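# Geometric and topological summary
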Amino acid sequence: MIRGARAVIVLVLCAALVGGVWAQDEQPTPATPVTSGIDLERIEQATVFILQAQNVGDNLNITCFSSGTIVSRDGLILTNAHSTVTGPNCPGETLIVALTVSPDAPPVPRYRAEIVQSNTGLDLALLRINREYDGRLIARDTLALPFVEVANPSTVNLDETVTIVGYPGVGNDPVAAETSTVVAFVAEPSAGARSWFKASRNVPATMSGGGAYNRSSQLIGIPTTAPIASSLPGATCVTLQDTNRDDLINSSDLCIPTGGTINMLRPSNYARPLIRAAQLGLQLENLSERPAALADTDTPDAPAFRRLFFAPSVNDDGMPSSVIRSLPAGSTSLYLFFDYENMTPNTVYELRVTTDGVPNQIFSLSPVRWSGGQRGMWYIGSSGQPLANGVYEFTLLADNIPLETARLSVGGAPPEGPQFTDVIFGLVDARGNISGNGYVLPTGNIANATFIYRNLANETPWAQIWYYRGREIARTETVWDDGASGAKNISIQDANGLLPGDYRLELYIEGRLSATADFTIAGAFQGVLPQAFLDAHFSSADSVQEAAAAPGVNSLSAGTETLYGVFDWQSFAPGMLWTLRWLVDGSVFYEQTQPWLLDQDGQNYVVRLSNPEGIPDGTYSFELLVGPVRLAQAQARVGIGQLPIDPFAQAEGIQMRGQILDAATNEGIAGVSFILISDLYSVADFLETRSMDQVFALAVTDREGRFQIDRSLAYDAPYSVVVIAEGYLPIQADGILIERDTPLPIDMTIYLSRG
Amino acid sequence: MTTPTLVEIGRQEEQGTLRQRWSHYFVLLYGLLCLIIAINLRDSTINATTNYSDVTSGIRAAYPMTWVIDSDGPYVFRVRDMARIGFKTSIVVDTQPVSLSTTTRNLVDALSLDRGNTLTGYRILEIDDAYTLPDDTPATAVTYTYVNVEVSPILQTLPSIVEGFDVIAIRQGQAVILSFLADASVFEEQRPVMDRFLESLEF
């Protein structure tokens, strides 16, 4: 504490020497209690309330609301997509941002925003503040807002304390913070083992879109839930306005869906690509993409789930290791697999779990947006979480309608029965060699599957069933004669060659499913990996046609506004899922998995990357993947080949604020300049040149004499300060060091004497 | 009978010497001289300038020495009187490329469209098409006003009314836009600063 006050003492001494008096408040009173040592004040200031509204005639009707978090100084806001992106449930087109001006008061509308990036499946949206509340445009570089840093959620551990911040209501509720712990990691194919963090405490659904923070005040997750449409049974909603202008607020007016509670956090690393692309001003257009035959919002058939089964683990390719009906006592890992159909990004799905009839919040999944495709295989599961003994019942719901249920018992000894596990695939060439990457195989005549078997007795009936695009193409039912345990190869062959597309193998023992896995055949047989994508390269041209014909480039001049990624493809069946991923300096800024909609073979698939102000210098690459397997990539350098350093990207550090008072009257002085000089210069240097190049930050006092430095200060850097106001003696100080144990934020009071 | 002696006591006439007389004159002279020097020093301090030159844009000018300069924004350079309470009186210099057919009035219109979108209550008060710079360069002068709001949404800063004065001139395929901005209450008082700046301007 004594060492911590050293900086303040230096300030006081320096100030006294030049005629002013400067002191830090002895006991700065934080507006809100500090939770677990985190910088809650800064987080609360960076937490915003977002209203989506619709222009109806001369009126603005509120259609949806959510919390949000400012993640950059220039006004990028991270929030949920379901409440901001225009859709059937949230039809508004205007986004209003209300800020926490006072921690104890409701948010105050200050700005309007636009959507710059979104991912409806992951339910994330990135907004940019672009207008004042009255509609005036705001220049991007004039904003200096409080913001938080996005953490690397891979460092989050089970039982770690997190603080969830958001707006708990739509009334007069001020921003609120709830302390919770991470009790489970939920896995899904869309984002792997840490698709969700599960929090121990349920918070109101209006906090959806806010933030969950670690002890370092970094954003680790976004509380996320998607309320079902107010027209569906069981929906919760609130009517706030007389939207039909009949002078009554009743059921005829628009009811805004609210949802119930949340305990799911979407890890913040899924927002990183959105933030990176927005900060760099990059726009990506898929110029060869055909419109999907089935629009997202025009699904003719209702969502459906089928073939529910459980697996004790999932491999790197998202396939179940085996199929189980019970788990032994002490198990810590469980995955529910199922097939799905007719799902869209607007579908709200939910998993309700009971243990011996009692709701189990640990394994349940709150209503969230669907993050997969239209049809396929999916899983929800978790590992590292002990399962209590009992009978577990898993019920899947879509749009609040229960569709399928599966049960599993936990307890007892490990099962001793016969079992198939760990199916992997390969392609056998003419010489009998197996190639392919487990689940992505090149086109050929024979597909080979290898699996492990245990505890099998000879003469046990077993079956293998092969499917191609959901249709059974081969079935073999026989008796086992390979002994008790080992590895076995089986295959499917077609003299005319196996068609490209999605395949599935199911293995049964005595009529019960014991193991299953999917694989994909695509591309030509060449090398270790199938060659589905060819000649991936970058080109620079004035038009799409020229880009397709232009030779590949690997270096472009600084300031290039448009860059094309071009590739050819072969033996890639329509409907197969593929992933396009773009990176800059090794960091992903765009990734989308989608069904292939073009012909099986073709040339010149073109993707355009652009920025009207020039693509920032950096090393850009794009990758083409099927599942987790990267089949092709290209790389090009723009300018110096490295991203410029953003001096304002750091939120961590010291927050400085204070009040400047008249020494005679003790009243705040408005409009006084508080100039913080960079640690590279002194007051003398600054007064000699009077150049803003030497200024680290500049603040001007408000009507009560209060000021706030809009940029975090670094520890142990010797800053200098100049406080000048016409009619007062100036204050100057050099060598202001702030040590790491200084109580934060620094809140100082400066007295100016008339002179 | 004795004749009384009359003793008359009176104030002694001050009969200063010539040296004393000249001393007085010199004191007055010195005082006057000091006053003139002091006024001169004060004016020198207040009106002291620093030279700015930018080879790229071809602009040279002298701005008040105590003002703070920056060139990181969407302008060639900007100087501000950071000591002023409230809105910081500023001079902003910007350049724009123009075509052969572009007139200063076209530039005024473009500026108005842009400012109308970004400044609260932006209103043009006067346009003087016959304005000439001190070096007789023809120009257009625009006087306007708007409401300035500080960007920090956290602080309780009251908006202030700003009066602006633009001088727009075109020379050799380039338009130079010189803007003087001050709180409306001190605009006229501060205006000589802009006049001196224009006198020193070369482009």
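Residues numbered from 1 in each chain as written. Chains lettered and ligands numbered in written order. Predicted model: local features only at pLDDT ≥ 70, side-chain atom pairs only at ≥ 80, totals over all residues.

## Some remarks on the pairing of strand β31 (residues 471-479) of chain A
Counted residue by residue, β31(A) has zero buried out of nine residues, so it is predominantly exposed. In this structure, the hairpin formed by strand β30 (residues 461-468) of chain A and β31(A) is closed by a connection of two residues, where A:Arg469 is found at a positive phi of approximately 50 degrees. (Buried ≥ 20, exposed ≤ 12 C-beta atoms within 10 Å, placed from the backbone. Helix = DSSP H or I, 4+ residues; strand = E, 2+ residues; numbered from the N terminus. Pairing = 2+ DSSP bridges.)

## Structural notes on the sheet that holds strand β44 (residues 673-677) of chain A
Residues and elements named next belong to chain A. Judged by pairing direction, the sheet is antiparallel, and its four strands sit side by side in the order β45-β44-β47-β48 without closing on themselves. Unpaired on one side and paired on the other, β45 (695-700) and β48 (731-736) mark the two borders of the sheet. Averaged over all pairs of adjacent strands, the angle between their axes in this sheet comes to 15 degrees, without regard to strand direction. (Axes fitted to C-alpha atoms, helices over the stretch in contact; angles between N-to-C directions.)

## Some words on the domain arrangement of chain A
By convention, interface size is frequently given as the accessible area that disappears when the constituent parts associate. Residue and element names in this part refer to chain A. When cut into domains, chain A gives domain 1 (6-33 + 655-752), domain 2 (40-142), domain 3 (304-410), domain 4 (419-521) and domain 5 (532-638). Computed over C-alpha atoms, the centres of domain 3 and domain 4 are 25 Å apart. Contacts between the two partners involve eight residues from domain 3, matched on the other side by twelve residues from domain 4. (Domains from an automatic or database assignment. Contact = placed C-beta atoms within 7 Å.)

## Let's talk about the domain arrangement of chain B
When the domains of chain B are assigned, the result is domain 1 (15-47) and domain 2 (48-200). A separation of 42 Å is found between the C-alpha centroids of domain 1 of chain B and domain 2 of chain B.

## Concerning the environment of A:Pro418
All names here are of chain A. Its location among the elements puts Pro418 in the loop between β25 (401-410) and β26 (419-428). Pro418 gets classed as partly exposed once you count the C-beta atoms within 10 Å, which come to 19. Leave out the neighbours within four places in its chain, and Pro418 touches Asn455, Leu456, Thr460 and Ile509.

## Details of the interface of chain A and chain B
Residue-level contacts link 28 residues of chain A with 23 residues of chain B. In the side of chain A that touches chain B, the residues fall into 13 nonpolar, six polar and nine charged. (Nonpolar A, V, L, I, M, F, W, Y, C, P; charged D, E, K, R; others polar.)

## Quick word on the nonpolar core
In this structure, A:Val71, A:Ile77, A:Val97 and A:Leu124 are the most contacted members of the largest nonpolar core, which totals 162 residues. Excluding residues that lie within four positions of it along the chain, A:Val97 makes contacts with A:Val48, A:Ile50, A:Ile77, A:Arg110, A:Tyr111, A:Arg112, A:Ala113 and A:Ile129. The next biggest cluster of nonpolar side chains, apart from the first, holds 75 residues, and it includes B:Val108, B:Leu111, B:Ala175 and B:Phe197. (Core = buried A, V, L, I, M, F, W, Y, C linked by C-beta atoms within 7 Å.)

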